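Fold and contact review
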Amino acid sequence: MKKIVNQGIAASLLCVITSFANVALAQNQEDVTSTNKYQPVMKQIAKTMWESPELGFLEHNSSALMQKVLTERGFTVKAGIAGMPTAFVAQYGESGPVIGLLAEMDALPGMGVNNTPDKQPIVSNDYVHDGHACGHNLFAGGVIGSALALADYLDEHPKQGRIKVFGTPAEEGGSGKVYMVREGLFNEVDVALHWHPSDSTTAAPYTSLANKSGKFRFYGVAAHAAAAPDKGRSALDGVEAMNMMVNLMREHVPDGTRIHYVITHGGTAPNIVPEFAEVYYYVRSPEPAVVLSLWDRVTNAANGAALGTQTKVEVEVTGGVWSVLPNVALSRLADQAILAAKPIELSKDEQQFAKKISQTLNHSFSDDEHSTALPFSEKITVWSASTDVGDVSWQVPTVGISSATWVRGTPPHTWQASAMSGTGIGYKGMYLASDVLTKTAISLFADPDNLKAAKKEYLERKDSLKYKSMIGDRAPALEYRKK
């Protein structure tokens, strides 16, 4: 099975390189700043990754695919950085300010579906396959397309700057960018750009929730649950006691706090007192300091549960990210690029698909709504999710846009998002995002005042708050999905 999949990846990679060669031949016929000529390359990358999704820290084929395309274009690529085999940095350009492009690539567990307007999970041996329910296949394809277009621009304007593409693993719970930040890989970057698949198009500034995550492993003593229950000490009791105390704690936490968990292991059979149990926690808040404080309280609950149930507990921090530091000056530039870009145009077949899948979301599809960007506002909103882009944003001025790769009303991490990330609806949103990233980067290269304004705001917002990684000095949690 693995051999067949790898052969498929190799065939797709050949298609990407062939498309790239054909693009190069036509390059002189189009605007040097256009991403249109790279749409076949973007689509093939996104399609290949969608068909062969890989979880965080395991994105070997996805990472190799992006590296290969960039290397063929003349980028200098360093791979396996910051202790992560799938992380890489690719650089192009001679001198001047550095624009960083962030490229995510990881999929989500158990979210594999066919690209149909009705839910059709992809199942093998009772296992639901992984899938790109957050659209990181599109994220990666769009960023690579932008990088190729910007390389063309820098060939014409070699002294205006350089670009660095950051292949960032394990955004979904693994905090891959945090390890890259800790390694100092963004020290020479002047501005970082990124985008994310969404149900709408906007460059409005936002912040996010800081987040710390980890696994609490309880160890007890096994015994026959009926014949000798007094001899046992239940690890599952430890998990349940901890969860009970944390749930009571919810009444006494700051507004905006989010705490959620899943029991990842609860025992093997009812007639055996569980000697091992594990619970996986996320703690979130808009304020990093609140997250750190709450994590200490959750850890105390775990220790108290272990004491009360006569079990032992170990804690592994698997991830931790800061909230996004917004930059309105950069958001304005990105919004101008959205207004200058050609709106998304869905075909009749894509519109029919959109109407059918919208019905599963209790939403009525409108082609005009899908293709029209949201009105721009400088008011900073709080995005009720977390991303390791936050840690990057505390190192350099950072901006991200959203592009309509899914129909309106589609939440991320759903089967609908997974399905549309492998369709023309997703690809066309990706093309728009790639164009916007490219135009935003060029506005920074061509006008130094734009860069100065972004840096000035960054320093003002950052003020005196000192960044400190939430994951401490631990190594990347490469094995956390397997425990």
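Keep in mind that this is a model prediction, so the values were computed, not measured. (Residues numbered from 1 in each chain as written. Predicted model: local features only at pLDDT ≥ 70, side-chain atom pairs only at ≥ 80, totals over all residues. Heavy atoms only, no water.)

**Observations regarding the side chain of T168**
Here T168 is to be found in strand β6 (residues 162-168). The exposure class of T168 is buried, given its relative accessible area of 0%. (Helix = DSSP H or I, 4+ residues; strand = E, 2+ residues; numbered from the N terminus. Buried < 20%, exposed > 50% of the residue type's maximum accessible area, 1.4 Å probe, protein only.)

**Points about the confidence of the model for the protein**
Residue-level pLDDT values for the protein average 93, and 92% of them are 70 or greater. Within the model, the stretch residues 1-5 combines pLDDT values under 50 with one contact to residues more than four positions away or in other chains. The low-confidence segment residues 17-30, where pLDDT is below 50, has 17 contacts with residues more than four positions distant or belonging to other chains. (pLDDT = per-residue confidence, 0-100. Contact = heavy atoms within 4.5 Å.)

**Here we look at the packing of helix α8 (residues 328-340) against helix α13 (residues 424-446)**
Close contact between α8 and α13 brings their axes to 8 Å; oriented N to C, the two are set at 125°. The angle between the axes of α8 and α13 places the two elements in the oblique class. When you trace α8 past α13, the crossing you get is right-handed. Of the residues in α13, those touching α8 at L330, L333, A334, A337, I338 and A340 are V436, K439, T440, S443 and L444. Here the contact of α8 with α13 is built from residues that sort into eight nonpolar, two polar and one charged. (Axes fitted to C-alpha atoms, helices over the stretch in contact; angles between N-to-C directions. Parallel < 35°, antiparallel > 145°, perpendicular 65-115°, else oblique. Left-handed = near helix turned anticlockwise from the far one by under 90°. Nonpolar A, V, L, I, M, F, W, Y, C, P; charged D, E, K, R; others polar.)

**Some points on the sheet that holds strand β3 (residues 98-104)**
Spatially, the six strands line up as an open sheet ordered β1-β2-β6-β3-β7-β14, and their pairing is mixed. Either end of the sheet is taken by a strand with one partner, and the two such strands are β1 (76-79) and β14 (398-404). Between one strand axis and the next, the sheet turns through 20° on average, direction left out of account. Bridge count between strand β7 (residues 191-198) and β14: seven bridges; the pairing is parallel. Bridge pairing in β14 links S198 to A404. Across the sheet, helix α3 (residues 60-73) lies against β1, β2 (88-92), β3 and β6, angled at about 15° from β2, the strand it touches most. (Pairing = 2+ DSSP bridges.)

**Overview of the nonpolar core**
The biggest cluster of nonpolar side chains holds 73 residues, and the ones touching the most others in it are L70, F75, V165, L193 and W195. When neighbours within four sequence positions are excluded, F75 is seen to be in contact with L70, A90, Q91, Y92, A147, A151, I163 and V165. The next biggest cluster of nonpolar side chains, apart from the first, holds 54 residues, and it includes M84, L102, A192 and W295. (Core = buried A, V, L, I, M, F, W, Y, C linked by side-chain atoms within 4.5 Å.)

**Examining the pattern of salt bridges**
Here the idea is simple: oppositely charged side chains can pair when their charged atoms come close. On inspection of all chains with the given rule, the structure shows 18 salt bridges. With a closest N to O distance of 2.7 Å, R73 and D155 form a salt bridge. Residue R73 is located in helix α3, and its partner D155 is located in helix α4 (residues 136-156); the two are separated by 82 residues in the primary sequence. Judged by its relative accessible area of 14%, R73 is buried. Residue D155 is classed as partly exposed on the basis of its relative accessible area of 39%. (Salt bridge = Lys/Arg side-chain N within 4 Å of Asp/Glu carboxyl O.)

**Digging into the packing of aromatic side chains**
Under the defined criterion, the tally for this structure stands at twelve aromatic pairs. Judged by centre distance (4.2 Å) and plane angle (20°), the ring pair of F166 and F186 falls under stacked. Here the residue F166 occupies a position in strand β6, and F186 occupies one in the loop between α5 (176-182) and β7, the gap between them amounting to 20 residues. By relative accessible area, which is 0% here, F166 ends up buried. Here F186 falls in the buried class, since its relative accessible area comes to 3%. Note on W322 and W394: the rings are 5.0 Å apart at their centroids and 70° apart in plane angle, and the pair reads as edge-to-face. Here the residue W322 occupies a position in the loop between β12 (312-321) and α8, and W394 occupies one in the loop between α11 (389-393) and β14, the gap between them amounting to 72 residues. Judged by relative accessible area, which is 5%, W322 ranks as buried. Classification of W394 by relative accessible area gives buried; the value is 6%. In this arrangement the basic side chain of K215 is found over the ring face of Y280, its NZ or CZ atom lying 4.9 Å from the centre. (Phe/Tyr/Trp six-rings, centres within 6.5 Å; stacked < 30°, edge-to-face > 60°. Lys NZ or Arg CZ within 6 Å of the ring centre and 35° of its normal.)

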